[in-house]
Amino acid sequence: MSQLLSKLASSDKHGEASPYFDGWKAYDNNPYHPTHNPHGVIQMGLAENQLCSDLIKEWIRKNPQASICTAEGIDSFSDIAVFQDYHGLKQFRQAIAAFMERARGGRVSFEVERVVMSGGATGANETLMFCLADPGDAFLVPTPYYAAFDRDLRWRTGIRIIPVECNSSNNFQVTKQALESTYLKAQETGIKIKGLIIANPSNPLGTSLDRETLESLVSFINDKQIHLVCDEIYAATVFAEPKFISVAEIILEMVHVNRDLIHIVYSLSKDMGLPGFRVGVVYSYNDVVVSCARKMSSFGLVSSQIQSFVAAMLSDQRFVDNILVEVSKRVAKRHHMFTEGLEEMGISCLRSNAGLYVLMDLRQMLKDQTFESEIALWRVIINKVKINISPGSSFHCSEPGWFRVCFANMDEDTLQIGLERIKDFVLGDKASKNKNCNCICNNKRENKKRKSFQKNLKLSFSSMMYDEHVRSPKLMSPHSPLLRA
Amino acid sequence: MGLLSKKATCNTHGQDSSYFLGWEEYEKNPYDEIKNPDGIIQMGLAENQLSFDLIESWLAKNPDAANFKREGQSIFRELALFQDYHGLPSFKNAMADFMSENRGNRVSFNPNKLVLTAGATSANETLMFCLADRGDAFLLPTPYYPGFDRDLKWRTGAEIVPIQCTSANGFRITKSALEEAYEQAQKLNLKVKGVLITNPSNPLGTTTTRTELNHLLDFISRKKIHLISDEIYSGTVFTSPGFISVMEVLKDRKLENTDVFDRVHIVYSLSKDLGLPGFRVGAIYSNDDFVVSAATKMSSFGLISSQTQYLLSTLLSDKNFTKNYLEENQIRLKNRYKKLVSGLEAAGIECLKSNAGLFCWVDMRHLLKSNTFEAEIELWKKIVYEVKLNISPGSSCHCNEPGWFRVCFANMSEETLKVALDRLKGFVDGPSSTRRSQIEHQRLKNLRKMKVSNWVFRLSFHDREPEER
């Protein structure tokens, strides 16, 4: 049967047949609920922003005219219902451009005519690949990176991803040296590199790029005359220094850079917590790309109902200013709560200033520094500790032992319970280590800096039961990591 | 520019075609009853603007749907976060039922075989990605919707080979035309992966006959290829013969447990039937689980917004509404169709006899200077620039006979349609008629002036020669 289908449909480049879905399955089969299922699996693998929906709901209640379906807004119904112009509603584009500007502190301005719609950031990233690269061409992507890039950038476009390895020795910052050597190696094997794509702030690192790094990235791509795609969908989640710096600001200063190479991806899914509304944006400084991406947006236009609603909401400057402050504040609070809680039990995280998650360092808990051990630990965390988190290998992290844990997709109480469970697990683990270890155990602070690993560490797994089957679900789990970041 | 992809720099998106140029002219000078009565009237847009009042009144009675509420409880947060590519179950159920209702409940659809996409545009492209590799071909009967050139070929790298249909038999798909198209593809070294039909047809406005559907099923069965039936106009069938979906024929011929069943896929949308193109609601229905699975994953690139899914799930679950809407919509479409046809007749212009769609396939071959596409474009330009009507020339739909035009009738008010028909009549009757009407127009103006000033002039009017009145 499947030879009747295309190679695309029969391949697994969508990436969904990987073992990571067991975590999602565990959650689906046994989802936590404070009263109905207090021993269920807590979802901490979903990078969603649920922290500000109260503000949006309040705005909606006060602004019934923003909906075309209410008595106050129905006069616009028929005009909006027929509107399918791929340029998008002008007021929508104006509101998006203004929002993007405010999220960057007004330090840059965005042209309304360059705002192009897409089916979420998912659609935006794919569209840019279609515009910038032919099948077989490649894009450089610093690791660790968002798991679904494998699908979004490669599946239907036929392009290749060349990972640029980053490691914890410098907090996973991408270095000029890494870029140059990866580029060179690719060239030597005859691979045509068309550009570099980077998420800033990063998923899964939760860090935003500092000025020097951004400048050096821009210099690098300009030097090679390849494209730079900056996925800035977490821009408003930055809560500490360095303040968010958009590539848009950098090119204002670096006037010699070829602007035809610079493209931004944006979305309301993370900053505003509205992934269901599918609002993606391609913003390019290259006129041909704007024109092409706009035509391609036909394949994933933003529903006019949503355009009209978003136009109204984001033109309310007071609302926008307030929510941008609140997003940052509330993300900061959650971040502190979670990282401080982890610190108390001797677990450190990569130092971060943005994002809806942290990258937890569990290297000391691995049996050995291998990805097999990482997956083994991960299975224990899902099945025994009962929290769904994402192992670093799913983000192509070059070092085992890092796990991304989300903290903004549940209420505070649930997060607290998650922390408690981790604490029990970690302390239980430490207890068993103390029993089995023949070496001197490092204290909490040194654990953060230690370079050598305990050779005789053994985690006691005997009481833990986990299924070692790698099951590729026939029907996709609705909560798969490839649906959501 | 080697900097960009070939896709970005080619014109396979097809947007330099005449189909789109007419639109550009319209944009520069759009008709408005009051503000711009001499502007271009848009008759190139297959939109259904006839039945909004029905939806608006439903909304007025159902505020929950509008306000992110279910049984009075706010579900805003749920909707804001919902991005599951399996879609809202209540919406898929409602869509499956609605599709069934559109087919007189003669077939039923399983919501689990439905894939939601951002419009039929996305559905068609997605099916191509699932069924064809780069360089493979799909056979399409001509004339066909100009957007297919972009939707089916641009990013997928697939090819279209036409199945030539002619006015000799009302543009019906014949067995020999199918075979010829297949051979033509082979000559071009193209691997044929399937056939795509639009039923009811755009631009013809006709429903596919049972005979044609049987030919198609036999053909795809023999060649072991796919059939995509784009049925987005299924709710616009306003008169006999009724609509027969390929699904019904499969059922009637008891083919449900055969190979061919899995190779038939339907595309649907609410853009034409409900007149909601802005909401981007499309769907793929396939009996093949692999296709459903692959297409579902691909729908990530163009999901339907959760708010829209929720709104429409409540709308379409209201069976009173859907029944009434479908009936009333069809009555209104029929009336419009009749008005257009009689208006054209008055100008000595005939159409292909049709029973569906939002447009007519108009025969203006007798107005061509010569039986060529150059003459067709020349005529079309006159109609756009002088008569000020944007209609679609047959060549933009890949028709192989010059002189046919698609004229839409459901995207404007009745008054505007009348103005358009008057203009067309004026054009057809010739320049002398135009001059005559200009003189008449002037005379009436003077008459009005005279009436106002002095009743004596009225007496002198009656003394004038009869032919000058």
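Going by the annotation in an unreviewed UniProt entry, the name recorded for chain B is 1-aminocyclopropane-1-carboxylate synthase, with Arabidopsis lyrata subsp. lyrata given as the source organism. UniProt, in the comment section headed Cofactor (unreviewed entry), describes chain B in these words: "pyridoxal 5'-phosphate". If you open the UniProt record of chain B and go to Sequence similarities (unreviewed entry), you find "Belongs to the class-I pyridoxal-phosphate-dependent aminotransferase family."

Its UniProt record gives chain A the following Sequence similarities (unreviewed entry) comment, quoted word for word: "Belongs to the class-I pyridoxal-phosphate-dependent aminotransferase family."

Draft legend 1. A look at the sheet that holds strand S11 (residues 350-351) of chain B. Residues and elements named next belong to chain B. Overall, antiparallel pairing links the 4 strands, which are arranged S11-S12-S15-S14 in an open sheet. Of all the strands in the sheet, the pair left with one neighbour each is S11 and strand S14 (392-393). Both S11 and strand S12 (residues 359-363) contribute to a ladder of 2 bridges, which runs antiparallel. Its bridge partner being in S12, Cys-351 is matched across the sheet by Val-362. Across the sheet, helix H15 (residues 319-346) is in contact with S11, S12 and strand S15 (404-408); its angle to S12 comes to roughly 15°. Contacting S14 and S15, helix H16 (residues 373-385) runs over the sheet at an angle of about 30° to S15.

Draft legend 2. Broad picture of helix H7 (residues 119-131) of chain B. Relative to the 18 Å expected for 13 residues at 1.5 Å per residue, H7(B) spans 19 Å between its end C-alpha atoms, a close match to the ideal helical length. Most of H7(B) sits out of view: 13 of its 13 residues are buried.

Draft legend 3. Representation of the pairing of strand S10 (residues 357-361) of chain A within the structure. All names here are of chain A. By the criterion of burial, S10 is predominantly enclosed, with 5 of the 5 residues buried. In this structure, strand S9 (residues 348-349) lies alongside S10, joined through 2 bridges in antiparallel fashion. Looking at the pairing, Cys-349 lines up with Met-360 of S10. Pairing analysis gives 5 bridges linking S10 to strand S13 (residues 402-406), with the strands arranged antiparallel. Looking across to S13, one finds that Met-360 is bridged to Phe-403.

Draft legend 4. The packing of aromatic side chains, seen in detail. Applying the stated criterion to the full structure yields 30 aromatic pairs over all chains. Judged by centre distance (6.0 Å) and plane angle (90°), the rings of A:Tyr183 and A:Phe220 are edge-to-face. Highlighted residues: A:Tyr183 in helix H8 (residues 176-188) and A:Phe220 in helix H9 (residues 211-224), separated in sequence by 37 residues. For A:Tyr183, a relative accessible area of 10% translates into the label buried. A:Phe220 gets classed as buried once you look at its relative accessible area, which sits at 1%. Centroid distance B:Phe171 to B:Trp404: 5.2 Å. Interplanar angle 85°. Geometry classified as edge-to-face. Residue B:Phe171 is located in the loop between strand S6 (159-163) and helix H9 (175-187), and its partner B:Trp404 is located in strand S15; the two are separated by 233 residues in the primary sequence. Classification of B:Phe171 as buried rests on a relative accessible area of 3%. Put simply, the rings of A:Trp59, A:Phe277, A:Phe309, A:Phe319, B:Phe68 and B:Phe76 pair up and form one aromatic cluster. Seen from the ring of A:Tyr183, A:Lys224 lies directly overhead, with NZ or CZ sitting 5.3 Å from the centre. Geometry around A:Phe299 places B:Arg150 over its ring, the cationic atom sitting 5.8 Å from the centre.

Draft legend 5. Looking closely at the nonpolar core. In this structure, A:Phe77, A:Ile96, A:Met272, A:Leu314, A:Phe338, B:Leu139 and B:Val195 are the most contacted members of the largest nonpolar core, which totals 320 residues. Not counting the four nearest positions on each side in its chain, A:Leu314 is found in contact with A:Ala95, A:Ile96, A:Phe99, A:Leu268, A:Met272 and A:Val320.

Draft legend 6. The side chain of B:Glu401, seen in detail. Residues and elements named next belong to chain B. Tracing the backbone shows Glu-401 in the loop between S14 and S15. Taking the relative accessible area as the measure of exposure, Glu-401 reaches 13% and is therefore buried. Polar side-chain contacts of Glu-401 include one of 3.5 Å to the side chain of Arg-365. With residues near it in sequence (within four places) discarded, Glu-401 still touches Thr-166, Ser-167, Ala-168, Phe-171, Arg-365, Phe-373 and Glu-376.

Draft legend 7. Seen up close, the pattern of salt bridges. According to the stated counting rule, one finds 45 salt bridges over all chains in the structure shown. We note a salt bridge from A:Asp54 to A:Arg330, for which the minimum N-O separation is 2.9 Å. On the criterion of sequence distance, the pair formed by A:Asp54 in helix H3 (residues 53-62) and A:Arg330 in helix H13 (residues 317-344) is long-range, its members being 276 residues apart. In this structure A:Asp54 comes out as partly exposed when scored by relative accessible area, which is 39%. Overall, A:Arg330 belongs to the partly exposed group, its relative accessible area being 22%. For B:Glu248, the salt bridge is made with B:Arg106, and the minimal N-O distance between the two is 2.7 Å. With B:Glu248 in helix H11 (residues 246-252) and B:Arg106 in the loop between helix H6 (89-102) and strand S4 (114-117), the pair connects residues that are 142 residues apart, well separated along the chain. Classification of B:Glu248 as buried rests on a relative accessible area of 4%. Classification of B:Arg106 as partly exposed rests on a relative accessible area of 40%.

Rules used in this analysis
Residues numbered from 1 in each chain as written. Chains lettered and ligands numbered in written order. Predicted model: local features only at pLDDT ≥ 70, side-chain atom pairs only at ≥ 80, totals over all residues. Heavy atoms only, no water. UniProt positions renumbered as here; feature names shortened; annotations may be inferred. Pairing = 2+ DSSP bridges. Helix = DSSP H or I, 4+ residues; strand = E, 2+ residues; numbered from the N terminus. Contact = heavy atoms within 4.5 Å. Axes fitted to C-alpha atoms, helices over the stretch in contact; angles between N-to-C directions. Expected span 1.5 Å × (residues − 1). Buried < 20%, exposed > 50% of the residue type's maximum accessible area, 1.4 Å probe, protein only. Phe/Tyr/Trp six-rings, centres within 6.5 Å; stacked < 30°, edge-to-face > 60°. Lys NZ or Arg CZ within 6 Å of the ring centre and 35° of its normal. Core = buried A, V, L, I, M, F, W, Y, C linked by side-chain atoms within 4.5 Å. Polar contact = N/O pair within 3.5 Å; in protein donor to acceptor, adjacent residues only side chain to side chain. Salt bridge = Lys/Arg side-chain N within 4 Å of Asp/Glu carboxyl O.

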